[in-house]
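Spelled out from the first residue to the last, the chains are:
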Amino acid sequence: MSLVPESDEAVKGDRRPRRSPRSSLRGLSAYGEPMLWLTSGGLAISLMMIAGLLVLVIVQGIDTFWPVPVVRIETTGGVVAMGEVTRSELYTPVAGPDSTKPAQAAASANAAADAAPSAASAAVSANPAADAALTAVRRRLVRTGNFEMTGEHFRWVSEPEVRTESLPPWAMVVERRAWGRFYGDPVQFLVDGVAVADTPQAIIDNLDATLGEVASRWHKRRALEVDEIGRVNRRLEAARLAVRAADVRYGRRSAQHDAAAKAAQDLEADADTEFAAIREQIRALDAENARYGLVLRTGDRKEKRLELADVVRAYPANQLTLTGKLSVYLSRWREFVTDEPREANSEGGVFPAIFGTLAMTLLMSMLVTPFGVLAALHLREYARGGFVVSAVRIAINNLAGVPSIVFGVFGLGFFCYIVGGGIDQVFFSEKLPTPTFGTGGILWASLTLALLTLPVVIVATEEALAAVPNSMREGSYACGASKWQTIRRIVLPRAMPGILTGMILAIARGAGEVAPLMLVGAVKLAPELPVDGVAPFVHLQRSFMHLGFHIYDVGFQSQNSEAAKPMVYTTTLLLIAIIASLNLAAIWLRARLRRRFMTSQF
């Protein structure tokens, strides 16, 4: 017999109220289980979206410059496509020659293409007749190049159309300064119009030995055109402006005007002599480079001579070893990071855009940080609470939600037209009506983005100042320090990690903005950098290139979108890397300050 008394619940027996499903849900809600799953699910989806985007950009960006084999495909219609396969996909033909192909043949061709591309044509020929409707078939996009001969850069090739496919052993990829890439088999290497090599290996050896010298002469010619002729033109422009300034200030019949006109005439005479000498150097370089040529045979057996001066890079794609592919890959990256764009920004490098992005971001940070910190200091340390302070804080929070294009319109109207126009009227009247500061430039772009990111810095700085314990302020006052001494020696050092947090957020926001820059300074191509060796060395009035604007221009404004697509991925990867580097530098600095002032955590 048990001596343990029966519990109340046991005594109640069947009279105990049963828990309804609704009460179970209420219990789960009370414990917070649904919110736990909901918030963790939202976090997981967000992380997956971000990771997926980053993986896509990184994979596509890294893979862009890796050399691929050159294929030669002949279709059943007699069309020959020779070039690099950029991508493949399944599609359902609805009209045209593909729709007449049998479904079984298409399926067989697809399976054969997956197993071995060379067997695709055999699969097609094995099923010559059927009239069933086609299902999805595979097609490949081949970068055929040779634009001046074919009028196209890319061609789609459907697998059921493939008659023969091969990898030409000596097919060459030639990257040119204009007209895009050229694909063909080497036929001759010419010097002074005479063939000095007519076998593939000998042609490639001569090409490797000569191309570097030709490229060096081309760069010298480019430097003469840009630097030397530009230097003379700047002197002529300065003399012309001096005449114009004397005309505006003293009149056309004044002695100052006559002296400036005489100096300008003397300078023009000297400039003619300098121009003649520069043209002679350019002619000599062109004549030397014109001696060398390369003859290639295209996939449809047509021969074409290429001038070596127009060649950036040439290599036999199907002969490359792993070391050779790595050399081409690194060479393309070096050109991408250090060179100027060409072919309407779809080829070449993005160095001006890298420089412009870094310069604009650093200038924006230098402008927004002092203003933001001073405003936050006043609001937190000096201003008394009241209606005005509350209204200012509400205005700052609302300012953070204004669309960025509105800031661009404001920057164009206020900074460019009003402030810049006023500067032109006072300091550059002789250049009018051509504006100097009265148009888009890197200074106005930086100020516009500083205004855009100002709320971020103010809010973060206020939070950092509030995190400093009042006991430290009171201790400072008790020691006889003034309010400013307390702020400078006690509050600001301990709030510095939080201030840098705001600066990091401002950098991330400002460096990735594009819409305002389209109105206040970013352009498609800016041959002159904002900083160079020409006095006064820093030219804040100049327009500039920006990586974000470059992505928009290449991705959505380019006439050859397929050729520009790899540039979009690589430029996006580069922009992400630059922003991450700037943020990491700021985070490293913040960590050092945080270790120094362990008591101020934010």
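Residues numbered from 1 in each chain as written. Predicted model: local features only at pLDDT ≥ 70, side-chain atom pairs only at ≥ 80, totals over all residues. Heavy atoms only, no water.

**Side note on the overall build of the protein chain**
Point 1. When helices and strands are counted, the protein chain shows 18 helices and 13 strands.
Point 2. Per-residue burial over the protein chain gives 40% buried out of 602 residues.
Point 3. Considering only contacts in the protein chain between residues 6 or more positions apart, those separated by 24 or more positions represent 71%. (Helix = DSSP H or I, 4+ residues; strand = E, 2+ residues; numbered from the N terminus. Buried < 20%, exposed > 50% of the residue type's maximum accessible area, 1.4 Å probe, protein only. Contact = heavy atoms within 4.5 Å.)

**Observations concerning the layout of surface pockets**
Point 1. Approximately 850 Å³ is the volume attributed to the largest pocket.
Point 2. Lining the largest pocket are 26 residues; nearest its centre among them are Glu 237, Lys 431, Thr 436, Gln 541 and Arg 542. (1 Å grid on protein atoms, 1.4 Å probe; cavity = no way out; pocket = protein on both sides within 12 Å on 5 of 7 lines; lining within 4 Å. Points joined across faces, edges and corners; volume = space filled by probe spheres on them.)

**Overview of the sheet that holds strand β5 (residues 162-166)**
Point 1. The strand order β4-β3-β2-β1-β5 describes an open sheet built from 5 strands, whose pairing is antiparallel. What marks the edges here is a single partner per strand, and that holds for β4 (154-158) and β5. On average, each strand axis in the sheet is tilted by 40° relative to the strand beside it, whichever way the strands run.
Point 2. The pairing of strand β1 (residues 70-75) with strand β2 (residues 80-91) spans 5 bridges and is antiparallel. (Pairing = 2+ DSSP bridges. Axes fitted to C-alpha atoms, helices over the stretch in contact; angles between N-to-C directions.)

**Some details on the pairing of strand β6 (residues 172-176)**
Point 1. Burial analysis of β6 places 5 of its 5 residues in the buried class, which makes it a mostly covered element.
Point 2. What you see with β6 is no split at all: Met 172, Val 174 and Arg 176 on one side and Val 173 and Glu 175 on the other are buried throughout.
Point 3. Once β6 ends, the chain turns through 4 residues before running back antiparallel as strand β7 (residues 181-191), passing Trp 179 with a positive phi of about 75°.
Point 4. Note that β6 and strand β11 (residues 311-316) share 5 bridges and pair antiparallel.

**Regarding the confidence of the model for the protein chain**
Point 1. Of all residues in the protein chain, 87% attain a pLDDT of 70 or more, and the chain-wide mean is 84.
Point 2. Scored below 50 in pLDDT, residues 1-13 makes 2 contacts in the model with residues more than four places away or belonging to other chains.
Point 3. With pLDDT under 50 throughout, residues 97-109 is counted as low confidence; its partners more than four residues away or in other chains account for 34 contacts. (pLDDT = per-residue confidence, 0-100.)

**Quick notes on the environment of Val 402**
Point 1. You can see Val 402 is positioned in the loop between α11 (387-399) and α12 (404-427).
Point 2. Here the alpha-carbon distance between Val 402 and Leu 452, two residues 50 residues apart in the chain, equals 8.5 Å.

**Observations regarding the environment of Cys 416**
Point 1. Position of Cys 416 relative to the elements: it lies in helix α12.
Point 2. Given the relative accessible area of 0%, Cys 416 is considered buried.
Point 3. In this structure, the C-alpha to C-alpha distance between Cys 416 and Thr 439, residues 23 residues apart in sequence, is 5.1 Å.

**Some details on the pattern of salt bridges**
Point 1. In total, this model carries 34 salt bridges according to the counting rule given.
Point 2. Linking Glu 274 and Arg 235 is a salt bridge whose minimum nitrogen-to-oxygen distance equals 2.9 Å. Taken together, the residues span a long stretch of sequence, with Glu 274 in helix α8 (residues 255-289) and Arg 235 in helix α7 (residues 200-250) at a distance of 39 residues.
Point 3. Arg 235 sits in the partly exposed class, given a relative accessible area of 32%.
Point 4. Linked by salt bridges that have partners in common, Glu 175, Arg 313, Arg 332, Glu 335 and Arg 342 make up one network. (Salt bridge = Lys/Arg side-chain N within 4 Å of Asp/Glu carboxyl O.)

**Details of the nonpolar core**
Point 1. Judged by nonpolar contacts, the single largest core of 38 residues is most densely connected at Met 360, Leu 465, Leu 492, Leu 517 and Phe 544.
Point 2. The dominant element in this core, judged by the number of residues it contributes, is helix α13 (residues 442-466), at 12 residues.
Point 3. In this structure, Tyr 329, Ile 354, Ile 551 and Leu 573 belong to the second largest nonpolar core, which totals 26 residues. (Core = buried A, V, L, I, M, F, W, Y, C linked by side-chain atoms within 4.5 Å.)

**Some details on the pairing of strand β9 (residues 292-297)**
Point 1. Most of β9 sits out of view: 5 of its 6 residues are buried.
Point 2. Of the pairings in the sheet, the one linking β7 to β9 comprises 6 bridges and is antiparallel in character. Residue pairing in the sheet places Asp 185 in a bridge with Arg 297 of β9.
Point 3. Sheet analysis places β9 next to strand β10 (residues 303-307), joined by 5 bridges and oriented antiparallel. If you follow Leu 296 over to β10, its bridge partner there is Lys 304.
Point 4. Taking the residues that link successive antiparallel strands as the turn, the β9-β10 hairpin has 5 residues, and the phi of Arg 301 there is positive, at about 65°.

**Observations concerning unusual backbone geometry**
Point 1. Here the residue pair Leu 432 and Pro 433 is connected by a cis peptide bond, since its omega of 10° sits within 30 degrees of zero.
Point 2. Positive phi outside glycine occurs at Asp 192, with the angle close to 55°.
Point 3. With respect to the helices and strands, the residue Asp 192 is situated in the loop between β7 and β8 (194-197).
Point 4. Not every positive phi belongs to a glycine, and Phe 537 is a case in point at roughly 75°.
Point 5. Position of Phe 537 among the secondary structure elements: in the loop between α16 (517-520) and α17 (547-556).
Point 6. When its relative accessible area of 46% is taken as the criterion, Phe 537 is described as partly exposed.

**Digging into a nonpolar patch on the surface**
Point 1. Side chains of Ile 405, Val 406, Val 409, Met 518, Leu 519, Tyr 552 and Phe 556 sit close together on the surface and give an oily, nonpolar patch of about 620 Å² of accessible area.
Point 2. Those elements that provide at least two residues to the nonpolar patch are α12, α16 and α17.
Point 3. You can see Met 518 is positioned in helix α16. (Patch = residues over 30% accessible without salt bridge, like charges linked within 9 Å, V, L, I, M, F, W, Y side chains within 5 Å. Areas by Shrake-Rupley, 256 points an atom, 1.4 Å probe, with all protein chains shown as cover.)

**Here we look at the packing of aromatic side chains**
Point 1. Applying the stated criterion across every chain, the model contains 15 aromatic pairs.
Point 2. Aromatic pair Trp 333 and Phe 336: ring centres 5.6 Å apart, planes at 85°, arrangement edge-to-face. Of this pair, Trp 333 and Phe 336 are both found in helix α9 (residues 322-338), 3 residues apart, which corresponds to roughly one turn of the helix.
Point 3. Given the relative accessible area of 17%, Trp 333 is considered buried.
Point 4. Members of the aromatic cluster, connected to one another through ring pairs, are Phe 410, Phe 414, Phe 415, Phe 428, Phe 437 and Trp 444.
Point 5. When the ring centre of Tyr 91 is taken as origin, the NZ or CZ atom of Arg 139, which lies over that ring, is 4.3 Å away.
Point 6. One Lys or Arg, Lys 483, reaches over the ring of Tyr 382 and ends 5.7 Å from the middle of that ring. (Phe/Tyr/Trp six-rings, centres within 6.5 Å; stacked < 30°, edge-to-face > 60°. Lys NZ or Arg CZ within 6 Å of the ring centre and 35° of its normal.)

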